[in-house]
Amino acid sequence: MQTILSQIQSPSDIKNMTLAQLEQLAREMRHFIIDAVATKEGHLGASLGVVELTIALHYVFDTPHDKLVWDVGHQAYGHKILTGRKDLFTTNRQKNGISGFPKRSESIYDAFGTGHSSTAISAVLGMAIAAGLNGDTDRKNIAVVGDASIASGMAFEGLNHAGVTNSNLLIILNDNAIGIDPSVGALKSYLTNVKMGKNPKSNNMIKSLNFDYTGPVDGHDLPKLIAEFQKLKDKKTPQFLHIITTKGKGLKQAEENQITYHAPGKFDKDTGELYPPQENLFPKFQDVFGWTLVELAEQNKKIIGITPAMPTGSSLRYLMEKFPERGIDVGIAEQHAVTLAGGMATEGFTVFCAIYSTFLQRAYDQVVHDIALQNLPVIFCVDRAGLVGEDGATHQGVYDIAYLNAIPNIQILAPKNVLELRNSLYTLQLHNDKPVAIRYPRGRCYIKDWKQPFEEINFNEVEPVFLGTRTVILSTGTIYKNVVDALNLIDNHQLSYYHFVQIKPLNEAFLQEILVNYDNVITVEEGTVNGGFGSLIAQYTAQNFPDIRVKNIGVKDQFIEHATVQEQMEECGLDILSLKKYFSQFTDNEIY
Ligand SMILES: Cc1ncc(C[n+]2csc(CCOP(=O)(O)OP(=O)(O)O)c2C)c(N)n1
Ligand SMILES: CC(=O)[C@@H](O)[C@H](O)COP(=O)(O)O
Ligand SMILES: [Mg+2]
């Protein structure tokens with residue numbers, strides 16, 4: 001039997017459907033999403049929760065003329081399926097396939113690229129104001145924002161501005177009471193009260209920002225949603241619709257275990273059960289961080305951990321579970337997390353602020369102005385540093401070395417493996433008197449036996465790995481493994497190799513001492529070549545050893561799109577075979 005979904009190439013194909021057909025479409029879309037994510041992986045719960053919303057929006061509004069922006073965009077799978085990408089959906093998040101997030105270059109229906117949260121209100125407000133300037137006040141500009149994302153500062157900034165404009169805006173709050181982990185903060189309590197009818201209409205904070213507020217409305221009730229949108233369609237001032245949905249709707253396990261099924265990995269599409277974890281897996285970097293922090297916090301009462309909305313992803317949840325008063329989830333609030341850490345540091349606490357490299361970008365000014373300028377001893381645990389794989393360009397953690405390098409006072413560390421990570425954390429809490437960023441990647445390390453007795457590290461020491469003749473490789477961080485493996489594949493190579501756990505301050509005395517011995521320097525890092533570790537080395541070498549040739553290997557100067565980490569490594573020449581090929585040129589000791 002031909003399904004309804006198989007007949008849809010664009011939203012115009014649903015415009016004349018009956019309600020019964022739209023409801024059948026919702027069921028088919030859920031199956032389609034479940035089948036695809038079960039085998040190809042990706043974000044699941046968020047898209048399952050907005051199936052009715054997606055259909056109702058495209059049914060009532062005139063997309064792509066009306067602008068529709070999905071905040072974060074991890075919930076936009078249904079939108080992609082209805083807007084011409086159904087047949088490509090098996091390529092979701094794969095190399096050369098469609099992106100897991102909305103992307104302007106991918107479709108005219110993707111009005112704005114997203115991936116980082118809380119940007120949608122500002123983006124649609126910008127579109128609405130611009131449309132107004134162009135004389136088009138009829139076009140609807142719609143943002144769909146989750147309950148965790150709307151609590152972020154940037155979303156409030158957008159609401160605050162929008163409320164004093166006459167823009168043709170529709171902000172839809174998709175309230176499922178959870179982010180990746182449970183939503184936090186006073187706004188969450190407020191929304192819970194609204195849902196329970198406890199807030200008198202006169203006390204509605206959205207109304208107080210000059211929006212017309214409608215809700216709460218059952219976001220799985222398709223006729224109700226359609227009716228609401230038809231009412232809101234012709235209104236031309238800022239409108240706010242509050243809908244209530246269930247994350248993971250339609251898949252029992254995803255509804256019951258919303259954290260795991262946010263992005264569950266592969267699972268059985270028929271039963272919904274996760275495939276049993278493989279035995280004896282190597283530990284994740286995030287877990288070694290999380291477990292080690294608990295061990296340290298048991299000994300050191302001054303330790304605090306902070307995460308902006310990623311307790312599970314960063315494994316800070318281990319500390320939150322063990323010492324609830326010393327592990328703090330502030331919600332999607334990276335800027336606040338950084339300055340909060342600064343405030344606690346002024347009171348003598350040893351604060352570990354765990355933030356993904358890509359999300360720390362949002363708090364750059366706070367790192368500069370609130371932490372580094374005041375030389376406050378906050379320890380930034382920069383997780384997902386390096387190439388992150390399938391999330392792609394929006395989430396790459398490849399800029400942190402470069403953007404932190406530019407800031408005075410801050411020490412930057414990049415351990416080579418989980419043992420060095422663990423010992424670095426131990427050392428930092430023993431005696432730290434300045435801001436530090438310690439970076440480590442997504443995924444697993446190659447060392448199973450990670451729980452070894454702590455050893456203090458001298459960060460200024462540079463580790464000699466191979467000693468050769470005229471060419472020296474200098475690297476930092478976990479790319480160590482690829483460099484060693486590449487060199488081991490070359491018979492009788494004559495290259496020297498040193499690992500730097502500390503990037504900044506750069507150990508210039510060491511460089512002064514060793515560089516006299518070499519004609520060629522090759523630097524390797526899992527970060528952008530612009531302004532990173534290699535740039536520091538190149539700058540030092542140019543000033544002090546102008547005859548030495550320097551080659552920087554790292555992430556190239558372009559956005560690296562979704563693919564596996566291995567494919568992204570290959571694209572950047574950082575995989576073992578590419579490194580081997582490059583290093584092999586130097587085995588005969590020629591100057592390149
Ligand atoms: C600036 C930023 N910080 C953190 C994240 C990681 N993140 C992705 S989705 C998500 C939760 C979003 O929750 P909500 O807005 O309620 O949407 P839902 O998943 O419930 O649909 C978080 C924290 C992000 N994408 N951007
Ligand atoms: C959409 C989003 O920003 C997060 O869900 C992100 O994909 C999490 O990344 P990790 O899987 O590395 O925790
Ligand atoms: Mg939510």
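As the structure is a prediction and not an experimental result, all values here were calculated from the model.

**Student:** Honestly, the site of ligand 1 in this entry has me stumped. Any pointers?
**Tutor:** The full set close to ligand 1 counts 22 residues, and H74, S149, I178, K247 and E334 are the nearest of them. Contact distances for ligand 1 include 2.7 Å between a nitrogen atom and a side-chain N or O atom of E334. Here ligand 1 loses 98% of its free accessible area of 580 Å² to cover by the protein chains. Here the shell around ligand 1 is built from residues that sort into nine nonpolar, nine polar and four charged. Counting only domains with at least three residues in the shell around ligand 1, you end up with domain 1 (19-262) and domain 2 (285-439).

**Student:** Please explain the UniProt feature "binding site: Mg(2+)" (unreviewed entry) in the chain as it appears in this structure.
**Tutor:** UniProt tags D147 and N176 as "binding site: Mg(2+)" (unreviewed entry). Look at the named residues: they lie 30 residues apart in sequence, but the longest C-alpha span between them is just 6.7 Å, so in the fold they bunch up. In this fold, D147 is placed in the loop between β2 (141-146) and α6 (153-162). Within the structure, D147 has its side chain in polar contact with the backbone nitrogen of A177 (distance 3.3 Å). Its location among the elements puts N176 in the loop between β3 (169-175) and α7 (186-195). Judged by its relative accessible area of 13%, N176 is buried. Here N176 is in contact with D147, T245, T246 and K247, once residues within four sequence places are set aside.

**Student:** Mind showing me how you'd approach the nonpolar core here?
**Tutor:** Across soluble globular proteins, you tend to see nonpolar side chains buried next to one another. Counting residues in hydrophobic clusters, the biggest one holds 51 residues, and the most contacted among them are I306, F380, L474, Y498, F500, L511 and L515. Ranked by residue count, the leading element in this core is helix α14 (residues 334-346), at five residues. Counting residues domain by domain, this core receives three or more from each of domain 2 (285-439) and domain 3 (462-586). Those residues in contact with L515 that lie beyond four places of it in its chain are V472, V521, Y540, T541, F545 and I548. Formed by 48 residues, the second largest nonpolar core is a distinct cluster that contains I4, V37, A56 and Y261.

**Student:** Would you mind showing me how to read the coordination of the magnesium ion (ligand 3) here?
**Tutor:** Working reference: metal with six octahedral donors, ideal angles 90 or 180 degrees; metal with four tetrahedral donors, ideal angle 109.5 degrees. Around the magnesium ion (ligand 3), the protein contributes the donor atoms D147 (OD), N176 (OD1) and I178 (O), at 2.0 to 2.2 Å from the metal centre. Each donor residue of the magnesium ion (ligand 3) belongs to the same chain, with the gaps between them written as D-x28-N-x1-I. In this pair, D147 sits in the loop between β2 and α6 while N176 sits in the loop between β3 and α7, placing the two residues 29 residues apart along the sequence. A single burial state applies to D147 and to N176, both of which are buried.

**Student:** Can you walk me through the environment of I401 in this structure?
**Tutor:** Turning to its location among the elements, I401 is positioned in helix α17 (residues 400-405). Given a relative accessible area of 2%, I401 falls into the buried group. C-alpha of I401 to C-alpha of A486: the two residues are 85 residues apart in sequence and 24 Å apart in space. With sequence-adjacent residues up to four places away left out, I401 is seen in contact with I412, R439, I503, E525, G531, G532 and F533.

How each quantity is defined
Residues numbered from 1 in each chain as written. Chains lettered and ligands numbered in written order. Predicted model: local features only at pLDDT ≥ 70, side-chain atom pairs only at ≥ 80, totals over all residues. Heavy atoms only, no water. Near = heavy atom within 4 Å. Polar contact = N/O pair within 3.5 Å; in protein donor to acceptor, adjacent residues only side chain to side chain. Areas by Shrake-Rupley, 256 points an atom, 1.4 Å probe, with all protein chains shown as cover. Nonpolar A, V, L, I, M, F, W, Y, C, P; charged D, E, K, R; others polar. Domains from an automatic or database assignment. UniProt positions renumbered as here; feature names shortened; annotations may be inferred. Helix = DSSP H or I, 4+ residues; strand = E, 2+ residues; numbered from the N terminus. Buried < 20%, exposed > 50% of the residue type's maximum accessible area, 1.4 Å probe, protein only. Contact = heavy atoms within 4.5 Å. Core = buried A, V, L, I, M, F, W, Y, C linked by side-chain atoms within 4.5 Å. Donors = N, O, S within 2.8 Å, 3.2 Å for Na, K, Ca; no water.

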